[in-house]
Amino acid sequence: MTPLLEIRDLRIEGRSDEKWHPIVEGVDLTLGRGEVLGLIGESGAGKSTLGLAAMGYARDGVRISGGSVRFDGMDLLRASTEQKRSLMGRRIAYVAQSAAASFNPAHKLIDQHVEAPVRHGIRDRGESGADAVELYEKLRLPDPDRIGFRYPHQVSGGQLQRMMTAMAMSCRPDLIIFDEPTTALDVTTQIEVLAAIRDIVDQFGTSAIYITHDLAVVAQMADRIKVLLSGREVETAPTREMLTHPREEYTKSLWAVRGFHRPEKPAPAPGDTPILSVEGVTAAYGRQTVLEEISFDIHPGRTVAVVGESGSGKSTTARVITGLLPPRSGTVRFEGEALPAGYRQRGKDQLRQIQMIYQMADTALNPRQSVAQIIGRPVRFYRGLRGRALRARVDELMEQIELDPATFRDRLPGELSGGQKQRVGIARALAAEPRLIICDEVTSALDQIVAEGILRLLARLQDELGLSYMFITHDLATVKAIADEVVVMQSGRVIEQGAKTAMFTPPHHPYTDLLLSSVPEMDPDWLDRLLAERGVEGLGEAATDRM
Amino acid sequence: MSVWLWIVAVLAALLGLGWAGRALGQLSGRRRFRDMSLAEAFGWALALAALLGAAWLWTRPGAVYFRWALIGFAISAVAAFVFRLLGRHLGPERLRKQFRKMPLTAAFGILVIIIYAVVAIFAGWIAPHGQEAVLGAANVVPGGDPAMGGDPAFPLGTDRIGRDILSRLIYGAQNTVGLAFATTLLAFFLGGALGLLAAVVGGWLDQLLSRGVDVLMAIPSLIFALLLLTIASVWAEGARGWLTFYMVVIIAVIDSTRVFRLARSVGIGIVVMDYVEAAKLRGEGMGHLVFREILPNAMAPLLAEFGLRFCFVFLTIASLSFLGVGIQPPLADWGTMVRDLAQFINFAAFAPMVALAPLLPALAIALLTVGVNFVVDWMLHRASGLKS
């Protein structure tokens, strides 16, 4: 039997600076019927471009310059627009990374769902509606009879992603392309979506290409894994073989990333003054209370990780500490002295002591300033250095973050990679010579290898400069790697706190337990085991609770 | 009725032509023809018909302006090309590099702006006569051909009281462009600074400024300007210089409301960026926040607005001059000239040369407007290219 999808020597080019640059260079791909293929690689490896090319589609500014894409015997690159139109949605479907951005906010979900089957003339409106409800039920969405009559903003992110999967299933396609469908979700929500996608793909015997940068996720979903690096294939193998015996160096390095682990530092002496203590802080946006009676300490030279799902109040805590959001009650003390509530009332030296590093390096660096200007400004502002002294200090800071001053000094942020931008953000914080740095999800927008480099850099800087970190994250792997103490937050409260080793050994608070067990592991049976433990019914209820 | 029938018949014929052309193309089996929609084929047929129509029009003896427009277009294109060629091979390396990446439209815009600037600055040396000089022969036809009623001494003719139009056009560049430029700059300084300030500070200051701007915008701008200028003319006590100064300030204030709104809305989008937050937490002052962190990132939309606003200010000055409170009569101004010579446009059908007189100042306005906008477009393109 011929394979469902066969890509041969595919070459794709993208246009920038008025020239065509290769994005995908001669990739072969074969997908059998009912098979799930995982595509992994760093950002920029050409995963998404390849995924779209499997539908015979290229984005604006991108062209397919060679090779062939045969879907069920038909060459998609030579097919007419009409022929392709009859395939799209009907036999090939696509699930995008951000369901929130892919649904039209002005139409009800079910109206968008039935569009494809009605247009392709597979079913009429009524039948499609009934079928939608059936699919919603299969994907374990709460209240399947009525959820379709909501607008996209009225359901949660995880539900929306499942609605999107249901929509892709509406014509029972032969092939679905999933482009990072769970990347934007919390770990606990991710599980529900993963389980739902896997079930439905199994039930209908659909073939799928699953694109992700998360190895542990792909291990649960795929039968076979293909690793891409800058537009070329590194290797392809069945999932279990790939996980246990990777052949290529690059694959091994991907697998080894999770190996970075820093031993916990010894506990501080009982009488020590903490560098920062948050005491009974309650804060609100307008009438909505977002933090209730938060208390924790950060001791000099230690790393405190604050973990929790999105909306749990982690970033708000950081805003209270920096003075952007004056708390309703409670105090923040720095080395035993109470800090004024608002940042405007704080002195220059108080501001200097606490610095922030942001999640999105894109918005954290002014796109119109060069690296030297960005790093140089705090040096000039706080220490008053000028001219040659300023330049020397900037060079020194750039050495510390492992960027070559000669090459990068005059670059704009737009000319840097994600990891380099994050390093510049770190240098800007260091330039103020602070005692405490608040890291707000600093690695979550980065590839695993790059993220690991950033974590190692932060650990080294802590050893050299005796910095304290408050590390806000939702990624427990990061916590394991770098934290000394952990604070777990849920809906504005601190649920549990303590030393890292204590936190990772049972017994846990039930919520901590849920968080810990939801982190995907590099074991293809992990999801099955977890679902068996929790019971599938329980999962459905968990979804309802979160509405 | 028959007109409608004609239109329908022509459209149907074009559709047929498009369909036939596509069918013919499909015989060759080329991809581009196979995937072509009927709408696109119709578009090609329409373009072909328009091209043929233009060629036919060129041969008609009556279509004088059409031929002039085409010739003018060709000359502009060649001039811009030569200008860019010169720029690529002369001058310092940095300038040459700029010219190498420049599109033809931008080169044309820069050329136009340079020419206008030179003319405006050296008006006193270039113009053959004074702008106020009454030279005797009134209503001389442009073209300088005595057989047609022209006079070689006045290549672009004279107006109703016998002033040389060429000289007045040249002086007009000085008066109109200079004033419009100064007004737009002032409007941008006022509106931009206040708008960004409102965005950064927010709260009651934002409310106060925004509601104030709403009040100003609620009054029809021309009538408001007229009202204020009437008051100002009392203050000026007939001094021409003061009246012009008041006019600049008044138009700038009224136009700055639009700039304020744009600057505020762009600024609000930038203020929430983390780099602005980082600067605030560093303890930076308002000046650094507005001029270092926000303004450079708000430059692109503000520049685009500058190009448009410049043209509107131009037109406002022209309409105020028309009403007698703008640039005062003996001084040449393109807006006033269009109005003074307007009745000659009626002769367009019989004597194209006569009708040219009011079109010349209009052309001067149009050319500068197009030139400025070409340059602004190019700057925007470069700015957005850096971002990605």
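Residues numbered from 1 in each chain as written. Chains lettered and ligands numbered in written order. Predicted model: local features only at pLDDT ≥ 70, side-chain atom pairs only at ≥ 80, totals over all residues. Heavy atoms only, no water.

1. Describing the interface of chain B and chain A
- Residue-level contacts link 21 residues of chain B with 26 residues of chain A.
- Where chain B abuts chain A, roughly 2200 Å² becomes buried across the two surfaces, and 50% of that area is made up of carbon and sulfur atoms.
- On the chain B side of the contact with chain A, B:D274, B:L281 and B:R282 bury the most area, a combined 30% of that side's loss.
- Joining chain B to chain A, the criterion identifies two salt bridges.
- B:E277 serves as the salt-bridge partner of A:R319, at 3.7 Å between the closest nitrogen and oxygen.
- One can count seven residue pairs in polar contact (both at pLDDT 80 or more) joining chain B with chain A.
- Every element with two or more residues in the side of chain B that touches chain A is listed here: α2 (31-34), α12 (274-282), α13 (286-322) and α15 (352-387) of chain B.
- Take the side of chain B that touches chain A: its biggest share by element is seven residues, from α12(B).
- Split by residue class, the side of chain B that touches chain A holds six nonpolar, four polar and eleven charged. (Contact = heavy atoms within 4.5 Å. Buried area = accessible area lost by both parts, 1.4 Å probe. Salt bridge = Lys/Arg side-chain N within 4 Å of Asp/Glu carboxyl O. Polar contact = N/O pair within 3.5 Å; in protein donor to acceptor, adjacent residues only side chain to side chain. Helix = DSSP H or I, 4+ residues; strand = E, 2+ residues; numbered from the N terminus. Nonpolar A, V, L, I, M, F, W, Y, C, P; charged D, E, K, R; others polar.)

2. Notes on the sheet that holds strand β12 (residues 288-298) of chain A
All names here are of chain A.
- Read across the sheet, four strands follow the order β12-β11-β14-β15 without closing on themselves; strand pairing throughout is antiparallel. If you trace the sheet from one side to the other, it starts and ends with β12 and β15 (337-338), each paired once.
- Relative to β15, strand β14 (residues 329-334) runs antiparallel, the two being bridged by two bridges. Paired with R333 across the two strands is A338, which belongs to β15. (Pairing = 2+ DSSP bridges.)

3. Section: the environment of B:I121
- Residue placement: B:I121 occurs in helix α6 (residues 104-121).
- For B:I121 and B:Y171, which are 50 residues apart along the polypeptide, the C-alpha to C-alpha distance reads 9.3 Å.

4. A look at the sheet that holds strand β20 (residues 493-499) of chain A
Residue and element names in this part refer to chain A.
- One open sheet accounts for six strands, arranged β16-β17-β18-β13-β19-β20; its pairing is mixed. A strand with exactly one partner marks an edge of an open sheet, and here the two such strands are β16 (354-357) and β20. In this sheet, neighbouring strand axes are inclined to one another by 15 degrees on average, regardless of whether the strands run parallel or antiparallel.
- Sheet analysis places strand β13 (residues 303-307) next to strand β18 (residues 468-473), joined by five bridges and oriented parallel. Each residue of the ladder has a partner; that of V306, found in β18, is I472. (Axes fitted to C-alpha atoms, helices over the stretch in contact; angles between N-to-C directions.)

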